Amino acid sequence: MPSFHPRFRPTRRRVLGGGASALVGLTFLPRFALSEEEKKLNFYNWDTYIGETTLADFNKATGIEVKMDLYADNDELFAKLKEGNPGYDVIVPTNDYVERMIKAGMVMPIDHAKIPNMSNIDKKFQDAAFDPGRKYSIPYMWGTLGIGYRKSKSDGSVMDSWKVLLDSDKFAGKLSLLGDAQNVIGCTLKYLGHSFNSTNPAEIKEAEELLIKQKRNVKVFADDNGQDLLASGEVDACMEWNGDIIQVMKEDKDLAYAVPTEGTLLWQDCVCIPKGAPHPENAHAFLNFILDAQNGKNIAETIQYATANAAARALMAKDYQDNPAIFPPEEVIAKCEPGIYVGEEAIKVRDEAWTRIQAA
Amino acid sequence: MESWKDNRQVFWILGLPGTFWLLCFFLLPLGIIWLMSFGEKTSITEVAVTGTLVNYLRAFDPVYLQILWKSIWVSVLATALCLLVAYPVAFAICFARPVWKPLLLLLVILPFWINLLIRTYALIAVFRTNGFVNAGLGFVYDLLGLPALFGPFQPLQLLYNDFAVIAGLVYVYMPFMVLPLYATIERLDRSYLEASLDLGASQSRTFLSVTLPLTMPGIVSGIILVFIPCLGSFLTPDLLGGANAVMIGNVIERQFKAANDWPFGAALSFLLMYATFFALAVRSAMSGRKSGMEL
């Protein structure tokens, strides 16, 4: 049978040409010292964590087009940027991750001269222990980790102690805890009278034992969907972030949020510029833009977390400004602790404890 | 048949893209992870490959073995349920009228067109306390007038337990079982079945001695195709499982994300891979011994 031989005999010139153009595609073209950056910005953010019109407003004001990608948790953000910045200009890590990223050299210093609106930041947040002098981060939103619960199932009392979630069968089979080691173990440590950030193995062991004991009452370790479980009646009490509960409280008046009296985590999400950002000038412009009072107000109105922007807070409606679930009273805040980066070894100790809790 | 040597050029041109793809996007990343399993963390972002076995030793801690053991039996149960359900389904499709066959096969494959995550979330809506199953049961309960006898309907706790995880795995991986079974049953020479029945064997005897051995290759491929992804699954136990749901896939995922311990995560995944290779080797050794019997 005669066979068909297709002949591809590329001339040498063509091979070279093809190779050369392929190489152009593969090499990262050196960025010439452009005085003007292209009008683009890549924003890596949490879901529902920016004002409804903020990105469009920014585009209108500066002509810069913002492309936003979303992540679900800090670990996802960290894992994605760990092997090098894939092209993001602005990210929103939480304080302990800001610290971890500063230590790992993953974020860029911020030029304060380019952000005049920094004066709008609340005095409490002008400086931070995890980032002295705010060299790398701008505070965005802050809040607490607390207890969301259904009022009709809690005999009229306020569920403001970690005891109901961590050390009682009041909500047996109808309660959920968060699904991550650092925060659940941290809150348990707080309940036991230790520091949220304890690295003492004996104290972590104590927390582990309490959680193993409590596990029979826990329906699920929820990955940040406790508010949905609460709203759908799957659980009657859950450990959740305040903003998440406030969002479902608007739809269901039977739900409530309380900051535990033992104290809890005081978290702060910050806006940072990751190292290797392709558009650092635009990123600075964006940071300045969201710190503007009016723009900050638009953001806070959408996402209902406590803004670190004092000028924006002043513009907000009374029911936001005086909401204790958003802005807890000073004496409650005094008992809370910011999460710090506890170091890789301590993270490992907590992770191993968490594995044992899960397997028990 | 022509030897590839007659057409070397065609062979290379057609073979290169695939080889390139496998080398760059399969073997290379796998190799990096394998090397990493012998590494140690030197800083927050860096790993040095030092040839240490400490990650593997840590994986033999009883707590990880316990989770692995749980993952194995959950996967075994899910695979067995898949087989039990898929076998009659595959049979029914094979013996359906030819006009129906493509449609029935389409129904089996249809869920694949929707993302796994979405399908799992859909199961949450089906199983939860106020979900469709409980709503349906409650409706029937009220219709039968049972509340007068036994009091109001108590919704079943279907979600956030091992039942939900296994149901989710069965649902997600069912097509992987049906398709290989369908392929072998379709090829089954039905005159063997007729001969067996003509010669006086009962229906059940025919099934056990003729049909089952002849469709064994399909059963084995189906089991492998379902069991291996079940063993490594992390999404299903994460979303549907309760406080005890953690499987080895969740532990591995956590090492790459929250715990930031890639070397340990790599060692755990490779242990899973070694175990799978071992099981496949045992299977091929066993089938090799009996190869004279197979058709």
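Residues numbered from 1 in each chain as written. Chains lettered and ligands numbered in written order. Predicted model: local features only at pLDDT ≥ 70, side-chain atom pairs only at ≥ 80, totals over all residues.

On a plain count of helices and strands, chain B comes out with 14 helices and 2 strands. For 295 residues, the compact-globule estimate of 2.2 N^0.38 gives 19 Å, and chain B exceeds it by more than 25% at 24 Å. Reported as C-alpha extents along the three principal axes, the dimensions of chain B are approximately 70 × 65 × 35 Å. Taking all 295 residues of chain B together, 27% fall into the buried category. Pairs at least 24 apart in sequence give 68% of the contacts found in chain B among residues at least 6 apart. (Helix = DSSP H or I, 4+ residues; strand = E, 2+ residues; numbered from the N terminus. Rg over C-alpha atoms; globule rule 2.2 N^0.38 Å. Buried ≥ 20, exposed ≤ 12 C-beta atoms within 10 Å, placed from the backbone. Contact = placed C-beta atoms within 7 Å.)

Residues and elements named next belong to chain A. Extensive coverage of strand S4 (residues 137–150) is indicated by the burial of 14 of its 14 residues. As judged from the 7 bridges shared by S4 and strand S9 (residues 265–272), these two strands associate in the antiparallel manner. Bridge pairing links Ile138 to Val271 in S9. The sheet contact formed by S4 and strand S10 (residues 306–307) spans 2 bridges and is antiparallel. Across the sheet, Trp142 pairs through a bridge with Ala306, a residue of S10. Relative to strand S8 (residues 255–258), S4 runs antiparallel, the two being bridged by 4 bridges. When the bridges of S8 are listed, Arg150 appears paired with Leu255. (Pairing = 2+ DSSP bridges.)

Listed by partner, the interface residues are 29 residues for chain B and 31 residues for chain A. Its residues assigned to classes, the side of chain B that touches chain A shows 12 nonpolar, 9 polar and 8 charged. (Nonpolar A, V, L, I, M, F, W, Y, C, P; charged D, E, K, R; others polar.)

This paragraph deals with the domain arrangement of chain A. Residue and element names in this part refer to chain A. Along its sequence, chain A is organised into domain 1 (40–142 + 267–329) and domain 2 (143–266 + 337–359). Placing the centre of domain 1 and that of domain 2 at their C-alpha centroids yields a distance of 26 Å. With 19 residues of domain 1 in contact, the opposing surface of domain 2 contributes 16 residues. Counting residues per element, the ones that place at least two in the side of domain 1 that touches domain 2 are helix H4 (95–103), S4 and S9. In terms of residue count, H4 provides more of the side of domain 1 that touches domain 2 than any other element does, 5 residues in total. For the side of domain 1 that touches domain 2, the per-class residue count stands at 11 nonpolar, 3 polar and 5 charged. (Domains from an automatic or database assignment.)

This paragraph deals with helix H1 (residues 8–36) of chain B. Where H1(B) bends most, at Gly15(B), the angle is about 35 degrees, and the proline Pro17(B) comes one to four residues later. The element H1(B) is barely covered by neighbouring structure, given that only 1 of its 29 residues are classed as buried. (Bend = angle between axes of the 7 residues up to and from the residue.)

Position of Ile67(B) among the secondary structure elements: in helix H3 (residues 62–94). Given 22 C-beta atoms within a 10 Å radius, Ile67(B) is considered buried. Sequence-wise, Ile67(B) and Arg205(B) are 138 residues apart; in three dimensions their C-alpha atoms are separated by 40 Å. In this view, Ile67(B) contacts Ala359(A), Val246(B), Met247(B), Ile248(B) and Val251(B); residues no more than four positions away in its chain are not counted.

Glancing now at the environment of Ile303(A). Residues and elements named next belong to chain A. Within the element layout of this structure, Ile303 appears in helix H11 (residues 293–303). C-beta crowding within 10 Å serves as the criterion here: with 19 such atoms nearby, Ile303 is assigned to the partly exposed category. Ile303 sits 162 residues away from Met141 along the chain, and the two C-alpha atoms are 9.5 Å apart.

All right, on to the packing of helix H9 (residues 190–198) of chain B against helix H10 (residues 203–214) of chain B then. For any two helices packed against each other, one specifies the crossing angle of their axes together with the interaxial distance. Residue and element names in this part refer to chain B. Closest axis-to-axis distance for the H9/H10 pair is 10 Å, and the angle between their directions is 165 degrees. Taken together, the axis directions place H9 and H10 in an arrangement best described as roughly antiparallel. Helix-helix and strand crossings are classified by hand; for H9 and H10 the assignment is right-handed. On the side of H9, the interface is formed by Tyr192, Leu193, Ser196 and Leu197, while H10 contributes Thr206, Val210, Thr211 and Leu214. Residues of the contact of H9 with H10, tallied by class, amount to 5 nonpolar, 3 polar and no charged. (Axes fitted to C-alpha atoms, helices over the stretch in contact; angles between N-to-C directions. Parallel < 35°, antiparallel > 145°, perpendicular 65-115°, else oblique. Left-handed = near helix turned anticlockwise from the far one by under 90°.)

What follows is about the pairing of strand S7 (residues 237–241) of chain A. Residue and element names in this part refer to chain A. For S7, a buried count of 5 out of 5 residues is recorded, marking the element as mostly surrounded by other parts of the structure. Along S7, one buried face is formed by Ala237, Met239 and Trp241 and the opposite face, lined by Cys238 and Glu240, is buried too. As judged from the 5 bridges shared by S4 and S7, these two strands associate in the antiparallel manner. Across the sheet, the residue bridging to Leu145 is Trp241, located in S7. The pairing of strand S5 (residues 175–178) with S7 spans 2 bridges and is classified as parallel. By the bridge assignment, Leu175 is partnered in S7 with Ala237.

Attention now moves to the packing of helix H7 (residues 201–214) of chain A against helix H15 (residues 344–359) of chain A. Residue and element names in this part refer to chain A. Two elements in contact, H7 and H15, have axes whose closest approach is 10 Å; the angle formed by their N-to-C orientations is 20 degrees. Between H7 and H15, the crossing angle belongs to the class labelled roughly parallel. Two packed elements cross with a definite hand, and for H7 against H15 that hand is right-handed. Listed contacts from H15 to Pro201, Ile204, Glu208, Leu211 and Ile212 of H7 are Val349, Arg350, Ala353, Arg356 and Ile357. The residue inventory of the contact of H7 with H15, partitioned by class, reads 7 nonpolar, no polar and 3 charged.

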